[in-house]
Amino acid sequence: MRRRDHNIFANATSLLICGLLAGVVVAAAAFPAVAMTGLAAKAGGETFSQLPSELKQATAPQVSRIFASDNKTLVAIMYDEFRSDVPLRDISVNMQHAIIAAEDHEFYHHNGVDMKGVARAFVNNNNGKSKQGASTLTMQYVRMSLAYSATNPKEVIDATQDTPRRKINEMKYALQIEKELTKDQILERYLNVAPFGNGAYGVFAASQVYFNKKPKDLTVAEAALLASMVKAPTAFNPTTPGGYPQALNRRNYVLGDMVELQYITQAQADEAKKVVIARTVQRVSSGCNSVTKNYWGFPCDYFYRWWLSQETFGATPYDRERRLKSGGYRIQLAMDVTAQKAARARILDHISDKNKDALLLAAVEPGTGYVRALAANRKFKLDDPKNPQNPYSSDPAKADKKIRGSYPNTTNPLLTGGGDIIGYQAGSVAKMFTMVAALEKGYPLGYTIKAEVRAKTHYQAGYGASSACPGTPYWCPSNASSKEAGVYNMWTGFGKSVNTYFVPLEERVGAENVVDVAKRFGLKFRAKADADKANDPDQAHGWGAFTLGVADTTPLDMANAYATLAGDGMYCEPTPVQQISTQDGEKIDVGKPHCTRATSPDVARAALDATRCPVGDSAQLGHCGGATAPQAHGAVGHPVFGKTGTTDHDKTAALIVGTTSIVVAGYMVNPDWPDHRDRMQHPIVNPAVWETVADYMDGKPKEQFKKPGNEKIAYGDQRSIPDVTCDSLSEARDRLNNAGFSPTIGADVDSKCPLGTAAGTNPPNRTIKGGAVEIMVSNGKAEQPPIAGTPPGQTPPIINFPNGNKKPKR
């Protein structure tokens, strides 16, 4: 690019123009006196020297591009005006020549104002002939720049209204710009801002819309067509019946001018005129409804909603949206293409898009909060109201009002919450919060409680309530099976998801402390009733059912909460982006991982050790004694942790499975009718979750979870349990009480001891100080043969609970 010399003659010309326009020189050859008088009168009394000459530089709206986490895969684009600036070197010389031929033959020979053209146009327009503009490319660029830099409607009108004053303003600005920029710089800016019709602004967009190619590849015929449209994009629109012949004539006219200016030969022009102009264009769609692959819609929409919530990008959601759609940002999503594809594929392996029940999977990276996948058995699209595919809602009340369901098409934030999506009850996955609260209060993983068939609590349920103990107002929850009664610690209680272990544990810890852990781990409490309880310490204290997962949550909430354990107790706000860069390549910090300590590393590591039990992995510090999703570990082939969850009457089925690299939460719900009558099925949601984790982890090295630095958090103050074998029950109870334990009478078992005496204890040898010890009662029958591998005279180290291998509902 070169800056044209402003020699003495060029500068004299500029001064002459200024003098003419100001009314100082009225006898100059360029303007007849009568013409100058008329121009001065029409422009008003303001002198030329008083007009502004410094043009406010405002960047024209630019397309923002959204990429996947690899920063290469284009997900979507966002724009108000489809425009993306390109340097002149990336614009075909054919296009450069064509626009000069169409708009300004003297571009390389004037100082921003074409004197002869202005005089000719003024005389012509005042003699009743057809209008002529005489605006140079530089003046046209000024007009468009003024419009884009306008801050109110009046400034837009002033910049575009056809008046002598506007023309004079443009002239003075153009003279100044020509002093500051080279001709190539002016041409580049013009081509990047000019409108080409059909939603295309700038030559990059026009090349895409009309020819689906880059501007550097434009042919002579293509360049001539685009250049011909700038003058009147609507009138010369080749996609309309009236515009097509005008576009054809105008293109051929431009080709003739290109020959006249010796940019092309007559033969080239004749060949270009043979090219048939297409009557259709390929408009580039904007927004998350137009993602490259439909199943990328939910991550894209999550990003879009997140952006609108960020005050950094503007004072109001409207301002933020305008900035997104005009700022020319390059946005690198956290969405991992592999994880997203796997999640969507595994969902469809188990359930159809046309099923009213939704299988929702959310994946989060521990330690960063990056949301790697959001998938569902739904098409991300608005249902066409003129030709709807969605049936009426499964909720009878909504169906009566002709409200349609969210399947197979929806843009609702089913996985992340927002709008009228407050979440779903997810059941026992919430027991993790109780375990963390207990560990923080000093209860070790080995803390034992005698889980009754039905727990008697001090939480209020109300007289006559089905969940209350008979004749009392107190809540008395039970387990999925009456056979689950027994002595449990956190490993075994979490592994088998024993309600009557975790409710008493919550009562001892304080339900308000459990709720506080959930807040620190990122739960949002979107439902008003939940928020009222969570934000009032007195109500939270009485919220006994919280540990059983009655608060509404989303898959993203719970995936990120469990990721906090794998992140060594650091809660990282879930974020849809890895990096945002400005049009100039400047990287901004918004959306970067923002992590705070939610609990200590030792508490997180200890809790995670117990959460390995439900998904079939082995605890490093204790014994699991059972699992509710035992296939997960084998399917993933890496160290895993997680939890199952089921609500009353199976209205929700949930599973969370995580590694050190990824945590996936899956919910199976009916998003249209929470009080539905169906039973959600773990055989559908469970494999979809662990298969998604397995796909993501394929080929990655196995990484073991960290152990607590102080293992006392696992075992506590362990004490030996007195041997009370064959003691009377009263004597056995006294001895255990005196030793600092909490004894209870357990079930009858085969024993060589006399009928009705103590046959032994559960646990048998050691447990935590103050822990529950169950006295087993002899039935007077001979002892059964010992379990294989157990030394004679010793009790098996792992508790053999009477429910055997039957899988309880969770």
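Figured I'd write up the structure that's included with this text. (Residues numbered from 1 in each chain as written. Predicted model: local features only at pLDDT ≥ 70, side-chain atom pairs only at ≥ 80, totals over all residues. Heavy atoms only, no water.)

Taking burial as the measure, the 5 residues of strand β2 (residues 74-78) include 4 buried ones, the bulk of the element. In this sheet, β2 lies alongside strand β1 (residues 64-67) in antiparallel orientation, the contact comprising 4 bridges. Residue arginine 65 lies in a different strand from β2, and its bridge partner there is isoleucine 77. The hairpin formed by β1 and β2 contains 6 residues between the paired strands, and asparagine 71 there has a positive phi angle of roughly 60 degrees. (Buried < 20%, exposed > 50% of the residue type's maximum accessible area, 1.4 Å probe, protein only. Helix = DSSP H or I, 4+ residues; strand = E, 2+ residues; numbered from the N terminus. Pairing = 2+ DSSP bridges.)

The next thing to look at is the sheet that holds strand β20 (residues 663-669). Within the open sheet, the 5 strands sit side by side as β7-β6-β20-β19-β18. Their pairing is antiparallel. Two strands in the sheet have a free side with no partner beyond their single neighbour: β7 (371-376) and β18 (641-646). When the angles between neighbouring strand axes are averaged without regard to direction, this sheet yields 10 degrees. Pairing of strand β19 (residues 653-658) with β20, which is carried by 6 bridges, proceeds in the antiparallel orientation. (Axes fitted to C-alpha atoms, helices over the stretch in contact; angles between N-to-C directions.)

All right, on to the pattern of salt bridges then. Any two side chains of opposite charge can pair, given that their charged atoms come close. In this structure the tally under the stated criterion is 30 salt bridges. Measuring nitrogen to oxygen at the nearest pair gives 2.8 Å for the salt bridge that ties glutamate 170 to arginine 143. One end of the pair, glutamate 170, is in helix α7 (residues 164-180); the other, arginine 143, is in helix α5 (residues 137-149), and 27 residues separate them in sequence. The partner of aspartate 675 in a salt bridge is lysine 651, and the shortest N-O contact between them spans 2.4 Å. Linking aspartate 675 in the loop between β20 and α26 (682-697) with lysine 651 in the loop between β18 and β19, this pair joins segments that are 24 residues apart in sequence. Because the salt bridges share partners, they merge into one network encompassing Asp80, Glu321, Arg322 and Lys325. (Salt bridge = Lys/Arg side-chain N within 4 Å of Asp/Glu carboxyl O.)

Now for the packing of aromatic side chains. Per the counting criterion, the structure on display carries 23 aromatic pairs. When the ring of phenylalanine 525 is compared with that of phenylalanine 546, the centres are 6.2 Å apart and the planes differ by 35 degrees; the resulting orientation is tilted. Placement of phenylalanine 525 in the loop between α20 (511-520) and α21 (528-534) and of phenylalanine 546 in the loop between α22 (537-541) and β13 (552-553) is noted, with a sequence separation of 21 residues between them. The burial state of phenylalanine 525 is the same as that of phenylalanine 546; both residues are buried. Following the ring pairs from residue to residue traces out a cluster consisting of Phe303, Trp306, Trp307, Phe313 and Tyr329. Its guanidinium or amino end placed over the ring of tyrosine 392, lysine 402 lies 5.2 Å from that ring's centre, counting from NZ or CZ. Lysine 533 extends its terminal NZ or CZ atom over the ring of tryptophan 543, reaching a point 5.5 Å from the ring centre. (Phe/Tyr/Trp six-rings, centres within 6.5 Å; stacked < 30°, edge-to-face > 60°. Lys NZ or Arg CZ within 6 Å of the ring centre and 35° of its normal.)

Moving on, we come to helix α13 (residues 297-308). The terminal C-alpha atoms of α13, which comprises 12 residues, lie 16 Å apart, in line with the 16 Å expected from a rise of 1.5 Å per residue. Within α13, 11 of the 12 residues are buried, which leaves it mostly tucked inside the rest of the structure. Inspection of α13 places Gly297, Phe298, Pro299, Cys300, Asp301, Tyr302, Phe303, Tyr304, Trp306, Trp307 and Leu308 among the buried residues, and these make up the whole buried set. (Expected span 1.5 Å × (residues − 1).)

A word on helix α19 (residues 499-509). Burial analysis of α19 places 9 of its 11 residues in the buried class, which makes it a mostly covered element. Tucked inside the fold, the buried residues of α19 contact α17 (431-440), β11 (449-451), β12 (486-488), α18 (490-496) and α20. Following α19 by one or two positions, glycine 510 has its phi on the positive side, about 105 degrees. (Contact = heavy atoms within 4.5 Å.)

Right, let's get into the state of the cysteines. Within the structure shown, the criterion is met by 5 disulfides. Paired through a disulfide, cysteine 288 and cysteine 300 show a sulfur-sulfur distance of 2.1 Å. Its S-S torsion of about -75 degrees marks the bond between cysteine 288 and cysteine 300 as left-handed, since a negative value means left-handed. With a gap of 12 residues between them, cysteine 288 in the loop between α12 (266-273) and α13 and cysteine 300 in helix α13 connect regions that are remote in the sequence. For cysteine 288, a relative accessible area of 8% translates into the label buried. Its relative accessible area of 0% is what places cysteine 300 among the buried residues. Between cysteine 469 and cysteine 476 runs a disulfide, and the two sulfur atoms are separated by 1.5 Å. Judged by the sign of its S-S torsion, about -100 degrees, the cystine formed by cysteine 469 and cysteine 476 is left-handed. Given a relative accessible area of 2%, cysteine 476 falls into the buried group. (Disulfide = S-S within 2.5 Å.)

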